[in-house]
Amino acid sequence: MIVAEAKPIEEVLAMIDRYDKIILAGCKECVAVCAAGGEKEVQLLASALRTARKTAGRELEIREVTLERQCDPEYVEGIRGFAGDYQAILSIACGVGVQYMAEHYKTIPALPGLNTLFMGGSLEQGVWSERCQGCGTCILHLTGGICPVTRCAKSLFNGPCGGSAHGKCEVDKEIECGWQLIIDRLKELGEFEARYTELFPIKDWSTSRDGGQRTITREDLKQ
Amino acid sequence: MHLMKAFEEGMDGVYVAGCLEGECHFLRGNLRAKKRVGHVQGILAALGINPERLQMYNLSAAMGGRFAQIAREMTERVRALGPSPVTTGKGREFVEEEQEEKGQ
């Protein structure tokens, strides 16, 4: 899922300071799962923002909505009927959702209520961890199912580097060395000799962010 | 959510009464509630509302005396703090320590 976390409430308050009528839009997908932008978070943030305004002796009208997804036009269009009655849309979806709001409602400012962080999964209740950077050329079959792009701070393809010590990364002693994980895993799989001795060629990063914004067109699905 | 709503509606103080730790019917329900209360206290502080206005107590259903004592304690605490800034509309009543340090 895409993992995000709430912006500091002071930052959100500053963002909406000049508005008195806003839409607060959550999303029922990834950000709901990581407890940052679902229906519950919409209610909590709306209440907190109204409370802050009352403290300052001002009113704030908030229309609370939680869309099925904010990354699909049909759902984003769901607020078309009343969007024009509001001065801004505060989206607590991921960055995709905020941008979709901006693209669909051109005369209404779209504001981000979250900081979108990474693609990852949950380790336990309340703990999420990054696993994928969407580099566009997956090589997990060669690295024991552990991603060097994500798990190595330098995204090395022929690691580990000299900063690896006792299985930890030099960036932070709490972070595991991605390449140590790969080596251990390859050994467990009995693939160490076959895989690790083979050098990875220079990676073509054009399928990643270096190639600019990426778009996929599936002609079999496109209408 | 219910805690935040109470403050939004202008309550001067709220306390949560949970079971004694380790004796919750919902096993870890009271420990989870304690964490939620801490989270809302953080939100209140960020909004400029004294987090002391929200408290959590642990007691059993058989502790009537303790319940009365807590109610008195909470009433005194809230009385000392005065009306909630939500109802007075006079701005923040509380500045977080970190912000105070930055300001110094």
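Let me sum up the structure you'll find in this document. What you are looking at is a predicted structure, and each value in this text was computed from that prediction instead of being measured.

Thoughts on the overall build of chain A
- When helices and strands are counted, chain A shows nine helices and nine strands.
- Computed over its C-alpha atoms, the radius of gyration of chain A comes to 22 Å, more than 25% above the 17 Å expected for a compact globule of 223 residues.
- With the C-alpha coordinates aligned to their principal axes, the bounding extent of chain A is approximately 65 × 45 × 25 Å.
- Counting every position in chain A, which comprises 223 residues, the buried fraction comes to 39%.
- When contacts within chain A are restricted to residue pairs at least 6 apart in sequence, those whose partners lie at least 24 apart make up 59%.
- Carbon and sulfur atoms provide 51% of the accessible area of chain A, an area that totals close to 12600 Å².
- Charged side chains in chain A number 26 positive and 32 negative. The centres of these two groups are separated by 2 Å.

Brief notes about the sheet that holds strand S3 (residues 61–67) of chain A
All names here are of chain A.
- Read across the open sheet, the four strands follow the order S3-S2-S4-S5; overall the sheet is parallel. The open sheet terminates on both sides in strands that have one partner only, identified here as S3 and strand S5 (110–112). Put simply, the sheet's adjacent strands are angled 25° from each other on average, direction ignored.
- When strand S2 (residues 21–27) meets strand S4 (residues 88–91), the two strands line up parallel, connected through four bridges. What sits directly across from Ile23, in S4, is Ile89.
- Contacts between helix H6 (residues 95–104) and the sheet are confined to S2, S3, S4 and S5, with S5 contributing the most and set at about 170° to the helix.

Quick look at unusual backbone geometry
Residue and element names in this part refer to chain A.
- A cis amide bond links Gly159 to the next residue, Pro160, at an omega of 0°.
- Examined against the element boundaries, Pro160 turns out to sit in the loop between helix H7 (148–151) and strand S8 (168–169).
- Even without a glycine there, the phi angle at His166 is positive, about 50°.
- Mapped onto the elements, His166 comes out in the loop between H7 and S8.
- The class of His166 is exposed, set by a relative accessible area of 82%.

Description of the pairing of strand S7 (residues 127–132) of chain A
Residue and element names in this part refer to chain A.
- As judged from the five bridges shared by strand S6 (residues 114–124) and S7, these two strands associate in the antiparallel manner. Within S7, the residue paired with Ser122 across the bridge is Trp128.
- Hairpin connection, S6 to S7: the antiparallel pair is bridged by two residues, and Gly126 has positive phi, about 85°.

Concerning the nonpolar core
- By size, the foremost hydrophobic cluster in this structure holds 46 residues, and its most contacted members are Leu49 and Leu90 of chain A together with Leu47 of chain B.
- It is helix H3 (residues 39–55) of chain A that provides the largest number of residues to this core, a total of seven residues.
- Excluding residues that lie within four positions of it along the chain, Leu49 of chain A makes contacts with Ile9, Val12, Leu13, Ile16, Leu60, Ile62 and Leu90 of chain A.

Describing the interface of chain A and chain B
- Across the contact, 14 residues belong to chain A and 18 residues belong to chain B.
- Taken together, both faces of the contact between chain A and chain B bury some 1300 Å²; the carbon and sulfur share is 62%.
- Area buried by chain A at its contact with chain B is led by Leu44, Lys54 and Thr55 of chain A, which between them contribute 41% of it.
- Scanning the region where chain A abuts chain B turns up one salt bridge.
- For Arg50 of chain A, the salt bridge is made with Glu8 of chain B, and the minimal N-O distance between the two is 2.5 Å.
- Between chain A and chain B we count six residue pairs in polar contact (both at pLDDT 80 or more) in total.

A look at the layout of surface pockets
- Approximately 1700 Å³ is the volume attributed to the largest pocket.
- Along its surface, the largest pocket is lined by 43 residues, and Ala35, Glu41 and Leu44 of chain A together with Arg36 and His39 of chain B are the ones closest to its centre.
- Elements that contribute at least two residues to the lining of the largest pocket include exactly strand S1 (2–6), helix H1 (9–15), H3 and S6 of chain A together with helix H1 (2–8) and helix H2 (29–47) of chain B.
- Counting residues per element, the lining of the largest pocket draws most heavily on H2 of chain B, which supplies eleven residues.

Some details on the pattern of salt bridges
Residues and elements named next belong to chain A.
- This model, assessed by the stated rule, comprises 18 salt bridges over all chains.
- Between Lys28 and Glu68 there is a salt bridge, with its nearest N and O atoms 3.2 Å apart. Note that Lys28 is positioned in the loop between S2 and helix H2 (30–33) and Glu68 in the loop between S3 and helix H4 (73–76), a separation of 40 residues in sequence.

About the thresholds
Residues numbered from 1 in each chain as written. Chains lettered and ligands numbered in written order. Predicted model: local features only at pLDDT ≥ 70, side-chain atom pairs only at ≥ 80, totals over all residues. Heavy atoms only, no water. Helix = DSSP H or I, 4+ residues; strand = E, 2+ residues; numbered from the N terminus. Rg over C-alpha atoms; globule rule 2.2 N^0.38 Å. Buried < 20%, exposed > 50% of the residue type's maximum accessible area, 1.4 Å probe, protein only. Contact = heavy atoms within 4.5 Å. Areas by Shrake-Rupley, 256 points an atom, 1.4 Å probe, with all protein chains shown as cover. Lys, Arg positive; Asp, Glu negative; His and termini not counted. Charge placed at Lys NZ, Arg CZ, Asp CG, Glu CD. Pairing = 2+ DSSP bridges. Axes fitted to C-alpha atoms, helices over the stretch in contact; angles between N-to-C directions. Core = buried A, V, L, I, M, F, W, Y, C linked by side-chain atoms within 4.5 Å. Buried area = accessible area lost by both parts, 1.4 Å probe. Salt bridge = Lys/Arg side-chain N within 4 Å of Asp/Glu carboxyl O. Polar contact = N/O pair within 3.5 Å; in protein donor to acceptor, adjacent residues only side chain to side chain. 1 Å grid on protein atoms, 1.4 Å probe; cavity = no way out; pocket = protein on both sides within 12 Å on 5 of 7 lines; lining within 4 Å. Points joined across faces, edges and corners; volume = space filled by probe spheres on them.

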